[in-house]
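Breakdown of the fold
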Amino acid sequence: MIDPSGPGKATAVSADRRLLMLAALAGAGIAAALPARARADSFPSKPLRLIVPFPPGGPTDIVARPMAQLLGEALKQNVIIDNRGGAGGSIGADVVAKAAPDGYTLLMGTVGTSAINAALYTKLPHDPVKDFTPLALVASAPVAVVVHPVQEIRSVRELIERARAQPGSLLFGSAGSGTPGHLTGEMFATAAGIKLRHVPYKGSAPAITDLLGNQIPMMFDPLQSVIHHIRAGKLRALAVSGRQRSPVLREEIGRISASAAFRDKLGDLGVVPASGDEPLAEFQQRELEKWGKAVRDSGAQAN
């Protein structure tokens with residue numbers, strides 16, 4: 001949770017970056033995307049492809065790789081990671097949307113691909129709801145507010161005070177316009193009544209590189225991307241935010257998300273595996289409403 005008003009006040013902003021597992025869906029009916037009963041016992045009979053709609057080494061990729069490894073072991077088939085970055089994740093998502101609806105092409109989605117982009121892109125070539133079969137909510141990662149240690153900002157209160165003293169002069173970087181890091185920063189600024197200047201990058205990694213070099217003073221980024229730098233003293237953390245489809249895939253993904261092995265792989269990164277209590281479709285609908293409002297309020301657009 002981020003509390004920009006200081007101790008003892010109501011929390012004003014809550015945001016995280018949740019990772020979703022989706023499969024391609026063609027046509028209007030969910031049944032069109034599912035293997036027939038006669039084929040269910042032999043599924044999967046070939047390797048699966050897990051599309052990660054962001055570059056290697058980014059926060060989504062960090063979570064996707066252990067999931068792919070453990071899912072492959074459970075299904076006794078290879079699960080191949082295919083990184084397709086660009087356009088806030090919409091390029092990779094579109095690859096899955098247009099794939100054969102046979103359950104062999106999966107998307108490691110985020111609130112960006114499954115909620116934000118619907119409001120951000122005026123010509124999105126797919127429907128984030130209708131063109132996918134939701135399988136499971138995989139994990140939840142808080143967004144961290146981090147600054148370079150040379151900055152004389154040691155708390156959220158000091159950040160707000162500096163921004164109020166010098167309106168519009170405090171920069172923050174993100175993985176790109178309309179990404180969760182960008183919109184979290186905008187929501188934070190609105191809640192705190194301050195003005196920040198956004199600097200978009202083509203991915204989280206180059207933004208973090210500039211932050212480590214003090215080319216930009218701060219970022220709002222998923223914790224797993226920056227936690228090692230925080231532990232090494234290279235960055236200072238101010239706060240952190242706080243139905244059956246394919247039976248084979250949903251059962252295995254849910255089991256892996258709840259497993260000790262997956263929890264151990266992610267726990268050191270500050271990422272929390274999903275509990276499996278919340279249906280993915282309901283989560284996506286709520287995120288569409290929340291992030292759609294954030295996009296409209298920020299004025300962000302992309303084509």
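Residues numbered from 1 in each chain as written. Predicted model: local features only at pLDDT ≥ 70, side-chain atom pairs only at ≥ 80, totals over all residues. Heavy atoms only, no water.

1. Concerning the environment of Asp61
We apply this condition: Secondary structure elements follow DSSP: runs of H or I no shorter than four residues count as helices, runs of E no shorter than two count as strands, and numbering proceeds from the N terminus. Should any heavy atoms of two residues lie within 4.5 Å, those residues are considered in contact.
Examined against the element boundaries, Asp61 turns out to sit in helix H2 (residues 59-75). Placed 22 residues apart in sequence, Asp61 and Asn83 show a C-alpha to C-alpha distance of 8.0 Å. Aside from chain neighbours lying at most four places away, what touches Asp61 is Val52, Pro55, Pro56, Ile81 and Asn83.

2. Quick notes on the confidence of the model for the protein chain
Short version of the rule: A residue's pLDDT is the confidence the predictor assigns to it, expressed on a 0 to 100 scale.
Confidence in the prediction for the protein chain averages 78 pLDDT; 76% of positions are at 70 or higher. Summarising per-element confidence for the protein chain, the mean pLDDT is lowest in helix H1 (residues 37-40) (45) and highest in strand E6 (residues 171-174) (96). Per-residue pLDDT stays below 50 along residues 1-19; that stretch engages in 76 contacts with residues further than four places along the chain or on separate chains. Below a pLDDT of 50 lies the segment residues 21-39, which in the model reaches 59 contacts outside its immediate sequence neighbourhood of four places, other chains included.

3. Considering the packing of aromatic side chains
Let me state the cut-off plainly: Any two rings among Phe, Tyr and Trp, with Trp reduced to its six-membered ring, count as a pair given centres within 6.5 Å; such a pair is stacked if its planes are under 30 degrees apart, edge-to-face if over 60, and tilted if neither. The criterion is that NZ of a Lys, or CZ of an Arg, lies within 6 Å of the ring centre and within 35 degrees of the ring normal, and then a charge sits over that ring.
For the coordinates displayed, the defined rule picks out three aromatic pairs. Taking the centre distance of 5.5 Å and the plane angle of 50 degrees together, the rings of Phe188 and Phe220 count as tilted. Note that Phe188 is positioned in helix H6 (residues 180-192) and Phe220 in strand E8 (residues 218-222), a separation of 32 residues in sequence. Cation over ring: Lys46 sits above Tyr104, and NZ or CZ is 4.7 Å from the ring centre.

4. A word on the packing of helix H7 (residues 204-212) against helix H8 (residues 223-231)
Going by this rule: Between N-to-C directions, angles cover 0 to 180 degrees, with each direction set by a line fitted to C-alpha atoms, over the stretch in contact for helices. The cut-offs work like this: below 35 degrees is roughly parallel, past 145 is roughly antiparallel, 65 to 115 is roughly perpendicular, and the gaps in between are oblique. Left-handed describes a crossing whose near helix is turned anticlockwise from the far helix by less than a right angle; the clockwise case is right-handed. Residue polarity follows a fixed list, in which Ala, Val, Leu, Ile, Met, Phe, Trp, Tyr, Cys and Pro are nonpolar, Asp, Glu, Lys and Arg are charged, and the others, Gly among them, are polar.
Across the interface, H7 lies against H8 with an axial gap of 11 Å and an inter-helix angle of 25 degrees. Here H8 runs roughly parallel to H7, going by the angle between their axes. As for how H7 packs across H8, the hand of that crossing is right-handed. Contact residues: H7 offers Ser204, Ile208 and Leu212, while H8 offers Ser225, Val226 and His229. When its residues are assigned to classes, the contact of H7 with H8 shows three nonpolar, three polar and no charged.

5. Considering unusual backbone geometry
Omega for the bond connecting Phe43 with Pro44 falls within 30 degrees of zero, at 0 degrees, which places this linkage in the cis form. Tracing the backbone through its elements, the reader meets Pro44 in the loop between H1 and strand E2 (48-52). The backbone of Lys76 shows a phi angle near 60 degrees, a positive value even though the residue is not glycine. Within the chain, Ala87 stands out as a residue other than glycine whose phi angle is a positive 55 degrees.

6. Quick notes on the pairing of E6
Where we set the bar: Here, strands pair whenever DSSP counts at least two bridges between them. By convention a crossover is right-handed if, when the strands point away from the viewer, the path from the first strand over the helix to the second runs clockwise.
Here four bridges tie E6 to strand E7 (residues 197-200), and the two strands are oriented parallel to one another. Paired with Gly173 across the two strands is Val199, which belongs to E7. With H6 bridging E6 and its parallel neighbour E7, the resulting β-α-β unit is right-handed.

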